[in-house]
Amino acid sequence: MKENENIKDESLKSASEQDNENVNATEETEANGNADNSADENKADKEAEVTEETDKSADKEEKDPLAEALKEIEKLKDQYLRSVAEFDNYRKRTLKEKTELILNGSEKAVQAILPIIDDMERAVDNAEKTDDIEAVKEGMRLIYQKTNKVLEGLGVKKIETKDADFNTDYHEAVAMVPGMGDDKKGKVLDCVQSGYTLNEKVIRHAKVAVGQ
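Chemist: Could you give an account of the overall build of the protein, naming the residues involved and the relevant values?
Modeler: Of regular secondary structure, the protein possesses four helices and six strands. The burial tally for the protein puts 9% of its 212 residues in the buried class. For the protein, the proportion of contacts with a sequence separation of at least 24, taken over those separated by at least 6, is 60%. Summed over its atoms, the accessible surface of the protein is roughly 17900 Å², and 52% of this surface lies on carbon and sulfur atoms.

Chemist: Got a sec to walk through the pairing of strand E5 (residues 201–204)? Specific residues and values, please.
Modeler: Where strand E4 (residues 196–198) and E5 come together, three bridges link them in antiparallel fashion. Looking at E5, one finds that Thr197 is bridged to Val202. Hairpin connection between E4 and E5: a loop of two residues separates the two successive antiparallel strands, and Asn199 in this loop has a positive phi of roughly 55°.

Chemist: Tell me about the sheet that holds strand E1 (residues 156–158), and name the residues and values.
Modeler: Taking strand neighbours across the sheet as the criterion, the three strands line up as E1-E4-E5 in an open arrangement whose pairing is antiparallel. Where the open sheet ends on each side, the last strands, each with one partner, are E1 and E5. The average undirected angle you get between the axes of adjacent strands in this sheet is 35°. As judged from the three bridges shared by E1 and E4, these two strands associate in the antiparallel manner. Looking at the pairing, Val156 lines up with Leu198 of E4.

Conventions used here
Residues numbered from 1 in each chain as written. Predicted model: local features only at pLDDT ≥ 70, side-chain atom pairs only at ≥ 80, totals over all residues. Heavy atoms only, no water. Helix = DSSP H or I, 4+ residues; strand = E, 2+ residues; numbered from the N terminus. Buried < 20%, exposed > 50% of the residue type's maximum accessible area, 1.4 Å probe, protein only. Contact = heavy atoms within 4.5 Å. Areas by Shrake-Rupley, 256 points an atom, 1.4 Å probe, with all protein chains shown as cover. Pairing = 2+ DSSP bridges. Axes fitted to C-alpha atoms, helices over the stretch in contact; angles between N-to-C directions.

Take it as geometry only, folks, not as evidence of what the structure does.
In structure tokens, the structure reads:
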């Protein structure tokens, strides 16, 4: 009988211990669950804070007019400095070309006239060695024709005066000749000095006598 009581006590003790273990396991599971839930909540809160800060930073960058204005100012300043530098280079280049044109603008004309000077030197030498006046005259005539041809190549033309109407744009009256008849009134009677144009511009008026 006593043995049965001991067995019964041991069974009750074992059952009690088992219940305690089950309670402990349950409490531990609940504690772990609570801990996991708490960690998840903290993680979610942190993610929300990061997202909120990111959105605030993005809004701040998008809504910062001062930074955009400064960037635009720097861009315009760079363009302005480049334009000033290009214009300064253009001005210097143009000034150099203009100076060279002034100094060397007559180079083409001088080169064209040099052969005529050579012909005149040869004509003078031949005139001293010959008594043939006609040959000298022919040489001078050829040089004169060559000179006119060279001048025409340079854009220089002689103003026509023979039987021309008097025109103050081209003629300068140095004498008025009366009594020449109505058909000669206002007409060029004689050319005292030839006039010339350069590329259609009068560079010297023809001095003429005009009928009155």
